[in-house]
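What the coordinates show
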Amino acid sequence: MALVEVENLTKAFGGVVANKNISLRVEQGETVGLIGPNGSGKTTFFSLVCGDLRPDHGTVRFQGEDITGLPPHIINGKGIARTFQKLRPFSSMTVLENVMVGALPRMSMSQARQEALQHIEVVGLHRMTHSLASTLSTGQRKRLELARAMATKPKLLLLDEVTGGVDHKSIPGLVALIQRLRREGVTLLVIEHSMKVVMELANRIIALHLGEKICDDLPERVATDRRVIELYLGKAYAKNH
Amino acid sequence: MVEVSATPERRSSARGWVIYAVLGVFVLVYPFMRFQVGPLQVDFTFPYTRHLFILIFLYALTAQAWNILAGYCGQVSFGHVAYFGIGAYTSSMLLMNFHLTPWIGMLAGGLAAIALALVVGIPTFRLTGHYFAIATLAIAETVQTIFMNWNAAGEAKGLWLPVMKDSWLNFQWKSKLPYYYIALALLCLVYLATYWMERSKLGFYFRAIRDDAVATSSLGVDILTYKLVALSMSAFFSALAGSFYAQYVLFIDPFSVFQLQHSVLVVLLATFGGVGTYWGPIVGTAILIPVSEFVRIRFGGTGGAEDLIVYGVLIVLIAALEPAGIVGIYRKHIRPRLFRREGMIDVHDMGQAAVD
């Protein structure tokens, strides 16, 4: 039994079909990269899995259980957490308070505090523990989202462009952080625009185009897949690699 | 292992506690104060000076009740008078029909307000955006209309509560003194509840929902439930104020207890003091109510809305200069000068809310 089994997931917004019959499986312990040009339906797919959106049809199974269409907080309770591409920090709360919100549904205030401090340490924000989230840089906010999501103790973590919009110097640190989460046994589904990053992280890559899955294979094969190169990476990339 | 509280770095300073103690003693002895300062005779034992403070306590109570929902949890209501009125009518009707002591009536009013809150909240909170705010307005008007046409509730004529002899059981006195201390106690109650809420999981969830509801639910928090908790707390305390009002004035009608203007006034008081801050509602009320009373006495009898004109001017000034209200002005401009010690954050930063 795979950790996640998605079958024929479909979502349309008016006339635009954002996700069309997407089926995929993610095994326990995998890190799967989700790639595709803008508008290919990657974030919609995350929202459907997490319950932020309801699919028109299709099913999402997690650990064998049908979780399709459940509300987000229930799905989180079952062990799926996500970060947001468009960051959503609790701006008027401190870093510590932000991360504590993720831990609180499962434990007491004092336990949540200890737990949150650990996650803050892991993502390297310990110097900012008592700073308001609104004062953080974009890179720091990405780390905050990671810590907050990790505080919910997920089995599956959906990362929506963690390295997007971050200056180049910060990217290696974030990649190392994601690799650390993977070593801790969290299964990851990662949306990435940077091919370099996704090749480094993923043991399998799924490519979407116009809401459809066009490729699902090992990274080196995806990188040489003719359809992917044409539709997404472009001929220049193919030539250089 | 030492038990660590949620936010130990936010302890109030010793100086803060001295200020609270002085204020506490002041409000306790205020109705008996009578002294001479040079040629000036100060006398707070008049019924009117006591009445003024009762008004302040009552409005601060409703403003803080509103603040729990709108300030902390971010769900703005423009119809809070509905819960106030439900409280007033519940205790009064139980008293008149079943001779039930207003103390139990007050509790029943609070529970009735929670019931109304759930009826309003369950459908409207499911929608995102401003539906809740719009619905609150409509609900308040609807409730007023119902009471205007409800025979048992005296329709538009209202209810005259029976005058009974002074007693705690009857919740009636000729003197204003007992009302003064009851209003003060109710205000303390809502402030204690808010204090506890800020430091419990509720406070974290409320503020998280206000800042970003989608992110909050993605972290496993059932946002609908917690919005309903905030609304219920808020409705409960508003209703206590309503029951108190009915016993204090001994006359209620749909125009006085369901007045739209009162819903707006409560929003103004909390906003002026500082939305989402612990002290905002009482600070706003303690400034605006005496101003309004002064204006009303000084210019009154000329047709009405002078006090509202003054409110309007003050609110525009606050909105333009410092949207976080008086508490925001204090935090930004006064406290940094008073307390220069690096890194000292006192307990009131919990409701940082409106500042950002």
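Structure shown above.
Bear in mind the structure is a predicted one, so any value in this text is a computation, not a measurement. (Residues numbered from 1 in each chain as written. Chains lettered and ligands numbered in written order. Predicted model: local features only at pLDDT ≥ 70, side-chain atom pairs only at ≥ 80, totals over all residues.)

1. Here we look at the overall build of chain A
The helix and strand inventory of chain A stands at nine helices and ten strands. For 241 residues, the compact-globule estimate of 2.2 N^0.38 gives 18 Å, and the C-alpha radius of gyration of chain A, at 18 Å, lies within 12% of that figure. For the C-alpha atoms alone, the extent of chain A along its principal axes is close to 50 × 40 × 35 Å. Per-residue burial for chain A yields a buried fraction of 47% across its 241 residues. Taking as baseline every contact in chain A between residues at least 6 positions apart, the subset at least 24 positions apart corresponds to 63%. (Helix = DSSP H or I, 4+ residues; strand = E, 2+ residues; numbered from the N terminus. Rg over C-alpha atoms; globule rule 2.2 N^0.38 Å. Buried ≥ 20, exposed ≤ 12 C-beta atoms within 10 Å, placed from the backbone. Contact = placed C-beta atoms within 7 Å.)

2. Regarding the overall build of chain B
Counting its secondary structure elements, chain B contains 14 helices and four strands. Per-residue burial for chain B yields a buried fraction of 46% across its 356 residues. A fraction of 75% describes how many contacts in chain B between residues 6 or more apart in sequence connect residues 24 or more apart.

3. Points about the environment of Thr225(B)
Turning to its location among the elements, Thr225(B) is positioned in helix H9 (residues 223-249). Residues Thr225(B) and Phe125(B), spaced 100 residues apart in sequence, show a C-alpha to C-alpha distance of 9.5 Å.

4. Description of the pairing of strand E2 (residues 16-26) of chain A
Residue and element names in this part refer to chain A. Note that strand E1 (residues 4-13) and E2 share seven bridges and pair antiparallel. Bridged to Glu5 within E2 is Arg25. The turn linking E1 back onto E2 is made up of two residues, and Gly14 within it adopts a positive phi angle of 60°. (Pairing = 2+ DSSP bridges.)

5. Here we look at the interface of chain A and chain B
On the side of chain B, 22 residues touch chain A, which itself brings 27 residues to the contact. Looking at the side of chain A that touches chain B, the elements that each hand over two or more residues are helix H2 (72-78), helix H3 (95-103) and helix H4 (109-122) of chain A. Taken together, the residues that form the side of chain A that touches chain B break down as eleven nonpolar, ten polar and six charged. (Nonpolar A, V, L, I, M, F, W, Y, C, P; charged D, E, K, R; others polar.)

6. Section: the nonpolar core
Note on soluble globular proteins: their nonpolar side chains tend to be buried together. Membership of the largest hydrophobic core comes to 162 residues, with the highest contact counts inside it found for Val190(A), Phe57(B), Leu61(B), Ala113(B), Ala183(B) and Ala230(B). Apart from the residues lying within four places of it in its own chain, the contact partners of Phe57(B) are Ala183(B), Leu184(B) and Leu187(B). (Core = buried A, V, L, I, M, F, W, Y, C linked by C-beta atoms within 7 Å.)

7. A closer look at the packing of helix H7 (residues 201-211) of chain B against H9(B)
Residue and element names in this part refer to chain B. For the pair H7 and H9, interaxial distance at closest approach is 10 Å and the crossing angle is 110°. Taken together, H7 and H9 sit at an angle that is classed as roughly perpendicular. Between H7 and H9, the contacting residues are Leu202, Tyr205, Phe206 and Ile209 on the first element and Ile223, Tyr226, Lys227, Val229 and Ala230 on the second. Class assignment of the residues belonging to the contact of H7 with H9 gives a composition of eight nonpolar, no polar and one charged. (Axes fitted to C-alpha atoms, helices over the stretch in contact; angles between N-to-C directions. Parallel < 35°, antiparallel > 145°, perpendicular 65-115°, else oblique.)

8. Let's talk about the pairing of strand E2 (residues 40-43) of chain B
Sheet analysis places strand E1 (residues 34-37) of chain B next to E2(B), joined by four bridges and oriented antiparallel. Counted as the bridge partner of Val37(B) is Leu40(B) from E2(B).

9. Remarks on the packing of helix H3 (residues 81-98) of chain B against H9(B)
Residue and element names in this part refer to chain B. Packing of H3 against H9 brings their axes to within 6 Å, and their N-to-C directions diverge by 50°. Taken together, the axis directions place H3 and H9 in an arrangement best described as oblique. Crossing of H3 against H9: the hand is right-handed. Across the interface between the two elements, Tyr83, Phe84, Gly85, Ile86, Gly87, Ala88, Ser91 and Ser92 of H3 pack against Ala235, Ser238, Ala239, Leu240, Ala241, Gly242, Ser243, Tyr245 and Ala246 of H9. In terms of residue class, the contact of H3 with H9 is made up of ten nonpolar, seven polar and no charged. (Left-handed = near helix turned anticlockwise from the far one by under 90°.)

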